[in-house]
Amino acid sequence: MQRTNRRLTAIVTMLALVLLAVAGPTVAETADALRAKYVFLFIGDGMGEAQREIGRRLMVAQAQAEGKTLTEAKLRMDRLPVRGLMTTHSANSKVTDSAAAGTALACGVTTNNGMIGMTPDGRAVRTIGEIIRDAGFHVGILSSVSIDHATPASFYAHQKSRNSYADIILQLPASDFQYFGGGGARGWSETKDKLARQAWQAGYRRFDVTGELLASLPPAQKIWAQAEELHAGAAMPYDLDRRATQPTLAGFTQSAIQRLDGENGFFIMVEGGKIDWACHANDIATCATDVLALDAAIGQAMDFYAKHPDETLIIVTADHETGGLKLKDKADATALLGQTVSADVFAAQVARLRDEKANFADALPVVGKYMGLTDLSEDERRQLSDAFDASVAAGKRDKGLYGSYDPLTITCTKIIAARADAEWGSFGHTAQAVPLTAIGAAAETFKGDLDNVDVPARILKAMDIKVQLPAAMPAAPARPAPAPESDESATQKKAA
Ligand SMILES: [Zn+2]
C-alpha cells in the first residue's frame, strides 16, 4: 500500500512538474506581453473632443495653405487605436478644476477642487510618480505651464491648496524624479535660496534652456530644465507666440526620452497646459496651435514606440474640457490662419492703443495685422467698434460678453471662431466627459467608459506594479532626507 502511494505521489509530482514546465513559460509570456516598461501619459489641459478636432482642422488648413497633401488627415493622438471616454467630476463639484483632476489622474482619488495629492479630508496619498519611482523606474514630469502648477504638481506634491506655489515647489527636490522640464516655477522667487540649495543637495542640475541648449544638455543624474524665456504665470509661451529659437514641448519630450531611456524603464507625464488657458480666453487659434504642439510631443513618443512596440504604452487624455467649444456644420479652420499672436500678446497691443489714446480707425489696422481680421462684415465692424469703446472706457464692462478679458481682444477671437463656424459656450471648465486614446502594452485596458481615477490604477497594472490606489503615504520617509545644512555653511556658500 505504502509503496503504491509513494509511486502515485511520484507520478503526480512528475505530472505536476511537466504541467508546470508546459504552463510556466505561457504564463510568464502573457505577463511579459502585458507589462509596459515605458509609459507616456499626455494630458491636454482643457482638451475635449472639439479641441482635438479643431487642432485636426487647423493641421489640414495649414497643409492646404502650404500646398501640401497630407497622407493622414488625423492628429497623431487620434490615430491611436484604443478609445475611451472619461468622466471628470471632483468630490465637491460636477465641474472639476485641474487640481482635483490632476490628483485623480495621479493618485486615483476623487478629491475637492483646489487640492493636490490629498483626499478631501486632507490626508496625503501617494502619487503614481512616487509609486513608479519606488518600483525602480525613472520618472519625468513635463509641462508647458509652470512646474508647480496644478497638473504637474499633482504628480509630486501634497498640498491643501493649488495656490500654495511656494510650498508645492519646495516638495519638488524630495520627489527624486529624474527629469522636470518645461515652464518655470511660480513659487521660485519666494523660495529661491532655500529651493536652490535643496535641489542642489538632492542632486538636481537646473538649466534655463533655449531650443539649441535643450538638444545638448550636459550630463546629469537629475535634471530640472526650464524654458529660458517665460511668459505670464512662469509658463512657456503659447506655441503661436514662440520664436524659432525657443524650446518646444516636443523638444522637452525628446530630451526627457533621451535622458530616461534605459534598463530601468520610465514613466513620463507631459502636459499641454496652455490649451486650457487659450480656451478660458475663448482664443480658438491659440488653442488649436497648442493642441498641435502637444501632438508634436506625442510624435516623439510614437517614434519611441516604433522602436519598442511591445513594451511601450502611450495614453493621451485631458483633465477636463474648457470653454464648452462647439464645432458646427461648416466648421473650417482656414479662418484661424490669419491670427499670428495669442490673445495675450494682442491684449498688450490693445493696452498700447489705450495708452496712446488711439481711436477706432487707428485700431483697425492692428486688428488686421495681428488677428487677420480684414474684409469686415457690417456686423463684425459693429461688434469690434462696441468692444473698442468698452476696452478704452474705464469702469464696468459686460462680464457675460467679455468675461474678465479685454473686450476688443475677446471680440476678435469670438469673430474668428464664428468665421470658423465654431462657438464657445463659456469662459470656464465644463462637466463634459473627455476622450482618451491609447496604444501599446496593455492599452486595451483603457477602452470604453472610465472615470479619471481609473487611469492611474490601470497604469500601475500595465506596469505590473502591485499597489492599490489610493495608497497611503509611507509612515517613514522612503529615503533619508538630505542632511540639513548648518547656518554656518549656508552663510559661507552665500559669501562664496
Ligand atoms: Zn482651466
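Residues numbered from 1 in each chain as written. Predicted model: local features only at pLDDT ≥ 70, side-chain atom pairs only at ≥ 80, totals over all residues. Heavy atoms only, no water.

**Concerning the pattern of salt bridges**
- Following the criterion strictly, the structure yields 24 salt bridges and no others.
- Of the charged contacts, one joins Asp295 and Arg76 as a salt bridge, the two residues approaching to 3.5 Å between their closest N and O atoms. You can see Asp295 sitting in helix α12 (residues 284–307) and its partner Arg76 sitting in the loop between α2 (49–65) and β2 (82–87), a full 219 residues away along the chain.
- Two residues, Arg354 and Asp406, come together in a salt bridge whose shortest N-O distance is 3.9 Å. Here Arg354 is found in helix α13 (residues 343–355), whereas its partner Asp406 is found in the loop between α16 (399–402) and α17 (407–419), with 52 residues between them in sequence.
- Asp406 gets classed as buried once you look at its relative accessible area, which sits at 13%.
- Ionic contacts of the salt-bridge type, sharing partners, join the residues Glu49, Arg52, Asp78 and Arg83 into one network. (Salt bridge = Lys/Arg side-chain N within 4 Å of Asp/Glu carboxyl O. Helix = DSSP H or I, 4+ residues; strand = E, 2+ residues; numbered from the N terminus. Buried < 20%, exposed > 50% of the residue type's maximum accessible area, 1.4 Å probe, protein only.)

**Section: unusual backbone geometry**
- In this chain, Leu469 is followed by Pro470 through a cis amide linkage whose omega measures -10°.
- Mapped onto the fold, Pro470 is located in the loop between α18 (454–462) and α19 (487–495).
- One non-glycine residue, Asp176, lies in the positive phi region at around 65°.
- Within the fold, Asp176 resides in the loop between α7 (172–175) and β4 (179–182).

**Section: the packing of aromatic side chains**
- In the structure shown here, the tally under the stated rule is 13 aromatic pairs.
- Considering the side-chain rings of Tyr156 and Phe180, the 5.4 Å spacing of their centres and the 85° angle between planes classify their relative orientation as edge-to-face. Taken together, the residues Tyr156 in the loop between α5 (150–153) and α6 (165–169) and Phe180 in strand β4 connect sequence positions 24 residues apart. As far as the burial class goes, Tyr156 and Phe180 line up, both buried.
- Measuring from centroid to centroid gives 6.0 Å for Tyr405 and Phe427, while their planes differ by 35°, and the two rings are tilted. Pair noted here: Tyr405 is in the loop between α16 and α17 and Phe427 is in the loop between β10 (422–423) and β11 (429–430), with a separation of 22 residues, a long-range link.
- Among the residues examined, Tyr405 registers a relative accessible area of 27% and is labelled partly exposed.
- Exposure remark for Phe427: the relative accessible area of 22% places this residue in the partly exposed category.
- Sitting above the plane of the Trp224 ring, Arg206 keeps its charged end 4.6 Å from the centroid. (Phe/Tyr/Trp six-rings, centres within 6.5 Å; stacked < 30°, edge-to-face > 60°. Lys NZ or Arg CZ within 6 Å of the ring centre and 35° of its normal.)

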